[in-house]
Amino acid sequence: MELLSSTKVSGGWLKRYRHESLSVKGDMVFAIFLPPQAESIKVPVLYWLSGLTCTDENFSQKAGAFNKAAELGLAIVMPDTSPRGTDYPGEHESYDFGSGAGFYLNATVEPYGHTYNMYDYVVQELPTLVEEHFPISDKRSISGHSMGGHGALICALKNPGRYQSVSAFAPITNPTQCPWGEKAFTGYLGENRETWKAWDACELIATAEERLPLLVDQGEADGFLEEQLKPEALEQACAKAGHEVTLRRQSGYDHSYYFISSFIADHLEHHAAALTS
Ligand SMILES: CC(=O)Oc1ccc2c(C)cc(=O)oc2c1
């Protein structure tokens, strides 16, 4: 691992690293916030999955999360949103597919199937790496925004026992039924829609082995609400499956990090309560 930068913030440290990833067969960059408590004990950790077009830096620069994370003694790990440095056909042509748009799945269609394995990376490889190299415990939670909200929901739903809690901001709840998801899943998984279901929170809810309560914030002035995000689909899937969900519709908020920064403290409290109980 190569240390790229180290910055003191909120009494703790924000560190960025580059490392060679087996899952994506290339270099990946991630950031980790270590709260002051990590100087003397192993601290629990929140994985934050960012949305389309983002890198590890959007959350660290814009969410305003570190004062609260320091107060609660939470580490935060911020991975990048896709493999980088490949040059596949179509990879750099649009904001919603390819670079910056990994969708937190394991691609099966070549050439993407070769390296776009963001699911393996965030669920297995990155936690193994950070738990080995930093004073963090194996108590994990997961959250994210938009494409990253979809990622957080599917990672938790597919891995009972791995996370203590899950939350999301404006998640793509039902990617098999919205334009962003249909485009990405066709490109990464192929035309057979049956195979898509394994990566869709609304499909996974029905058979989830674990009933982690979901905390979701959704801005009512979000321009992507009706066509892409579809919070009502998640509500209906949860109601049908008897899965607890707290969906907070926040009046006037859009899809931006202003929205995330307004409610991130609530999410950190939610995760800290589960991680320290
Ligand atoms: C920094 C920032 O605003 O990030 C951002 C902007 C737009 C989007 C969209 C449209 C989708 C998504 O998944 O993430 C995302 C993130």
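Refer to the preceding data block for the structure.
Summary of the structure given here. Just so it is clear, the structure is predicted and the values come from calculations on it, not from any experiment.

Applying the stated criterion across every chain, the model contains 21 aromatic pairs. Seen from their ring centres, Tyr88 and Tyr116 are 6.3 Å apart, and the 50 degrees between their planes marks the pair as tilted. Separated by 28 residues along the polypeptide, Tyr88 in the loop between β5 (75-79) and α3 (112-115) and Tyr116 in the loop between α3 and α4 (118-133) bring together distant segments of the chain. As far as the burial class goes, Tyr88 and Tyr116 line up, both buried. A ring pair is formed by Phe185 and Trp196, whose centres lie 5.9 Å apart and whose planes are at 85 degrees; its orientation type is edge-to-face. Placement of the pair is Phe185 in helix α6 (residues 179-189) and Trp196 in helix α7 (residues 193-196), with a sequence separation of 11 residues. Among the aromatic residues, those joined into a ring-pair cluster are Trp48, Phe59, Phe169, Tyr253, Phe259 and Phe263. Positioned above the aromatic ring of Trp199, the side-chain terminus of Lys158 is 4.2 Å from the ring centre.

Within the structure, the ligand sits among Gly51, Leu52, Cys54, Asn58, Lys62, His145, Ser146, Met147, Trp180, Phe224, His255 and Tyr257. At a separation of 2.9 Å, an oxygen atom of the ligand approaches a polar backbone atom of Leu52. Here an oxygen atom of the ligand and a side-chain polar atom of Ser146 are 2.7 Å apart. Relative to its unbound accessible surface of 390 Å², the ligand loses 83% to contact with the protein. Residues of the shell around the ligand, tallied by class, amount to six nonpolar, five polar and one charged.

Per the counting criterion, the structure on display carries zero disulfides. The thiol of Cys155 is not disulfide-bonded; the next cysteine sulfur, from Cys202, is found 16 Å away. Between Cys238, a cysteine without a disulfide, and Cys202, which holds the nearest cysteine sulfur, the sulfur-to-sulfur distance is 7.4 Å. We classify Cys238 as buried; its relative accessible area is 1%.

The next subject is unusual backbone geometry. Cis geometry marks the peptide bond from Glu110 to Pro111; its omega dihedral reads 5 degrees. Following the sequence through the fold, Pro111 ends up in the loop between β5 and α3. Despite not being glycine, Ser10 has its phi angle at roughly 55 degrees, a positive value. Its place among the elements puts Ser10 in the loop between β1 (2-9) and β2 (12-21). For Ser10, a relative accessible area of 24% gives the class partly exposed. Notably, Lys25 is not glycine yet its phi reads approximately 50 degrees, a positive angle. Its location among the elements puts Lys25 in the loop between β2 and β3 (26-34).

Our next topic: the pairing of β5. Remark: a regular strand shows side chains that alternate across the two faces of the sheet. Of all five residues making up β5, five are buried, and the element is well covered by its neighbours. Summarising the sheet, β3 and β5 pair through four bridges and their orientation is antiparallel. Within the sheet, the bridge partner assigned to Ala31 lies in β5 and is Met78.

The next thing to look at is the sheet that holds strand β4 (residues 43-49). Strand order in the open sheet formed by nine strands is β1-β2-β3-β5-β4-β6-β7-β8-β9, with mixed pairing between adjacent strands. Both edges of this open sheet fall to β1 and β9 (245-250), since each of them pairs with a single strand only. This sheet shows a mean twist of 20 degrees between the axes of neighbouring strands, independent of strand direction. Where β4 lies against β5, three bridges are found, and the strand directions are parallel.

Parameters at a glance
Sequence order as written defines residue numbering, which begins from 1 separately in each chain. Note on the predicted model: pLDDT of at least 70 is required for a residue's local features to be given, and 80 or more for side-chain atom pairs to be given and counted; whole-chain, interface and lining totals, by contrast, use all residues. In computing side-chain properties, one takes all heavy atoms of the structure into account and sets aside hydrogens as well as water. Between rings of Phe, Tyr and Trp, where Trp is taken as its six-membered ring, a pair exists when centres lie within 6.5 Å; planes separated by under 30 degrees are stacked, by over 60 edge-to-face, and by other angles tilted. Numbered from the N terminus, helices here are DSSP runs of H or I no shorter than four residues, and strands are runs of E no shorter than two. Exposure categories follow from relative accessible area, calculated using a 1.4 Å probe and restricted to protein chains: below 20% of the type maximum is buried, above 50% is exposed, and the middle band is partly exposed. Geometrically, a lysine NZ or arginine CZ counts as sitting over a ring once it is within 6 Å of the ring centre and also within 35 degrees of the ring normal. Throughout, near means a residue has at least one heavy atom within 4 Å of the molecule or strand. Within 3.5 Å is the distance limit for a polar contact, defined as a pair of N or O atoms, with the added protein rule that one can donate a hydrogen and the other accept it, and that residues adjacent in sequence qualify only through two side-chain atoms. Accessible surface area values rest on a Shrake-Rupley calculation with a 1.4 Å probe, where residue burial reflects the displayed protein chains alone. Residue polarity is assigned by list, with Asp, Glu, Lys and Arg as charged and Ala, Val, Leu, Ile, Met, Phe, Trp, Tyr, Cys and Pro as nonpolar; anything else, Gly included, falls into the polar class. Pairs of cysteine sulfur atoms within 2.5 Å are identified as disulfides in what follows. In this scheme, strands are said to pair when DSSP sees at least two bridges between them. Fitted lines through C-alpha atoms give the axes, limited to the stretch in contact for helices. The angle between two N-to-C directions lies from 0 to 180 degrees.

Remember, this is a structural readout, not a statement about activity or role.
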